[in-house]
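Listed here are the chains, written in short residue letters.
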Amino acid sequence: MASEPQYPIREVSRLTGINPVTLRAWQRRYGLLKPARTEKGHRLYSDEDIALIRQILHWLEQGVSIGQVKGLLNHPQPVEEGSNWEQARQSLLVAACELNIGRLEAELNELASLYPAELLLRHVIRPWLLNLTQLERPDAQLIEQSATALLARVFTQLLTIKTGLRVAVARAGQCHELAGLLTCFELQGLECRSICLGHPEPLQLPLSAGRLQYDALIVVLGGGLTQSWFSERAHCWPEHCFFTGELGQVYAEQGWLECPYETTVSELARKHDATFGLV
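Presented here is a report on the structure given in the accompanying data block. Counting restarts for each chain, with residues numbered from 1 along the sequence as it is written. Thresholds applied to this predicted model are a pLDDT of at least 70 for local features of residues and 80 or more for the giving and counting of side-chain atom pairs; totals over whole chains, interfaces and linings are not thresholded and use all residues. Where side-chain values are given, they derive from all heavy atoms of the structure, hydrogens and water being excluded.

### Thoughts on the sheet that holds strand E3 (residues 43-45)
Going by this rule: If DSSP finds at least two bridges between two strands, the strands pair. We count a stretch as a helix when DSSP gives it H or I for four or more residues in a row; a strand needs E for two or more, and each element gets its number in order from the N terminus.
With antiparallel pairing, three strands are arranged side by side in an open sheet as E1-E3-E2. The outermost strands of the open sheet, each flanked by one partner alone, are strand E1 (7-8) and strand E2 (36-37).

Right, here's the structure in full:
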């Protein structure tokens, strides 16, 4: 027997990590979801809908494009793992190398509307950014700088959420400003509002916590930090403080971190029951 629709779209977003904009796009453009409606027209999802969303995520993780998922839900078959992600990365790289800013902006917006932030960052954006740093051509610096500047502008414009828990994001060590922005973008995928603190000295954080009234703090760890740096600032971190960033793995292996750490915000939410994350 089918379960009764009972979950509003915000609750489904919290349970699955898929933001409402993407859920609506999957319904309107691809017919993947068919939620019920309240008398006022608000979407209501059932347990079966949530299970279906998780099936969709499974196929996306394998590298299937969102346009191909519907057929695979009815008739599963082997797929070439990662093919859609590779095509997306290559398309972004070609547009960047051609300095085709209009095409690059359109593709970034399209990807952000159709794919969950966590998957998009892990499979496309971060590998693409790495590819940009590895270009060996006379105009490599121009290509990288123009592409990253556009990415920053596009993602900043997408940070529109006005409800949900307030999570502050700070950078520490040798950490590019873009790393903080990508963290804010991933938080929005978890239905959280982000407050960018930039690159503050941790000794100032207790003051910011009192004034800004945020629910949690994410610190994106960069290079160049030492054991003494962490030990001298251990008293500065608020109760709900979490470390993230790929370079943080080095500090975690040394045993220097006193706050929960994972390489991404989504992993923090899953593994540490973070206050801003999924239950």
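On we go.
### Focus on the sheet that holds strand E7 (residues 241-244)
Test applied: Each axis is a line fitted through C-alpha atoms, taken for helices only over the stretch in contact, and angles between the N-to-C directions span 0 to 180 degrees. In what follows, residue pairs with any heavy atoms lying within 4.5 Å of each other are defined as contacts.
Spatial strand order, E5-E4-E6-E7: four strands in an open sheet with parallel pairing. If you trace the sheet from one side to the other, it starts and ends with strand E5 (193-198) and E7, each paired once. For this sheet, the mean angle separating the axes of adjacent strands, direction not counted, is 25°. By the bridge criterion, four bridges tie strand E6 (residues 216-221) to E7 in an arrangement that is parallel. Looking across to E7, one finds that Ile218 is bridged to Phe242. Packed onto the sheet, helix H9 (residues 177-189) meets strand E4 (166-172), E5 and E6 and runs at close to 160° relative to E4. Across the sheet, helix H10 (residues 205-212) touches E4, E5 and E6, and the angle it forms with E5 is around 145°.

### Quick word on the packing of helix H7 (residues 117-133) against H9
The description of two packed helices rests on the angle between their axes and on the distance between the axes. Note the threshold: Any angle from 65 to 115 degrees is called roughly perpendicular, while one under 35 is roughly parallel, one over 145 is roughly antiparallel, and all others are oblique. What makes a crossing left-handed is the near helix being turned counterclockwise from the far one by less than a right angle; a clockwise turn instead makes it right-handed. Polar here means any residue other than Ala, Val, Leu, Ile, Met, Phe, Trp, Tyr, Cys and Pro, which are nonpolar, and Asp, Glu, Lys and Arg, which are charged; Gly is therefore polar.
One way to put it is that H7 packs onto H9 with a least axis distance of 10 Å and a crossing angle of 160°. When the axes of H7 and H9 are compared, the pair comes out roughly antiparallel. Remark: the crossing between H7 and H9 carries right-handed chirality. Contacts between H7 and H9 involve Ala117, Glu118, Leu120, Leu121, Ile125, Arg126 and Leu129 from the first element and Leu178, Leu182, Phe185, Glu186 and Gly189 from the second. Here the residues of the contact of H7 with H9 are counted per class, giving eight nonpolar, one polar and three charged.

### A short note on the environment of Ala147
Looking at the secondary structure, you find Ala147 in helix H8 (residues 140-158). Between the C-alpha atoms of Ala147 and Ile66, which are 81 residues apart in sequence, the distance is 25 Å. When neighbours within four sequence positions are excluded, Ala147 is seen to be in contact with Ala96, Leu104, Trp128 and Leu132.

### Points about the pattern of salt bridges
Our working definition: Salt bridges are identified by distance alone: a Lys or Arg side-chain nitrogen within 4 Å of an Asp or Glu carboxyl oxygen. Think of it in three bands: residues with accessible area under 20% of the maximum for their type are buried, residues over 50% are exposed, and the middle band is partly exposed, with areas taken using a 1.4 Å probe on protein chains only.
Tallied over the full model, the rule gives eleven salt bridges. Note that Glu98 is salt-bridged to Arg103, the shortest N-O span being 3.6 Å. Between Arg137 and Asp139 there is a salt bridge, with its nearest N and O atoms 2.6 Å apart. Judged by relative accessible area, which is 36%, Arg137 ranks as partly exposed. Residues joined in a network through salt bridges with shared partners are Glu61, Glu118 and Arg122.

### Regarding unusual backbone geometry
In the Ramachandran plot, Glu191 falls in the positive-phi region, its phi being about 65° despite a non-glycine side chain. With respect to the helices and strands, Glu191 occurs in the loop between H9 and E5. Residue Glu191 is classed as buried on the basis of its relative accessible area of 12%. One non-glycine residue, Gln213, lies in the positive phi region at around 55°. Counting through the fold element by element, Gln213 comes out in the loop between H10 and E6.

### Focus: the environment of His123
Note the cut-off: Under the rule applied, a polar contact is a pair of N or O atoms within 3.5 Å (in protein, one hydrogen donor and one hydrogen acceptor; residues adjacent in sequence only if both atoms are side-chain atoms).
Mapped onto the elements of the fold, His123 is located in helix H7. Measuring from C-alpha to C-alpha, the distance between His123 and Gly63 comes to 8.7 Å, with 60 residues separating the pair along the chain. In this structure, His123 is in contact with Glu61, Trp85 and Arg89, ignoring residues within four places of it in sequence. For His123, the side chain forms a polar contact with the side chain of Glu61, separated by 2.8 Å.

### Some points on H7
Quick note on the threshold: The reported bend at a residue is simply the angle between two axes, fitted to the 7 residues ending at it and to the 7 residues beginning with it.
At Ile125, H7 shows its largest kink, close to 30°, and the proline Pro127 lies no more than four residues downstream. Within H7, burial applies to Ala117, Glu118, Leu119, Leu120, Leu121, His123, Val124, Ile125, Trp128, Leu129 and Leu132. Elements that come into contact with the buried residues of H7 comprise helix H3 (47-61), helix H5 (83-97), helix H6 (101-114), H8, H9 and helix H13 (265-272).

### Re the nonpolar core
Note the threshold: Only buried residues count toward a nonpolar core, which is a set of Ala, Val, Leu, Ile, Met, Phe, Trp, Tyr and Cys residues joined through side-chain atoms within 4.5 Å.
Counting residues in hydrophobic clusters, the biggest one holds 57 residues, and the most contacted among them are Trp26, Ile56, Ile125 and Trp128. Element by element, the count of residues in this core is highest for H7, at nine residues. Non-local contacts of Trp26, meaning those with residues more than four positions away in its chain, are made with Ile18, Gly31, Leu32, Leu33, Ile53, Ile56, Leu57, Leu60, Ile66, Leu114 and Pro116. Membership of the second largest hydrophobic core comes to 19 residues, among which are Ala170, Tyr214, Cys241 and Cys259.

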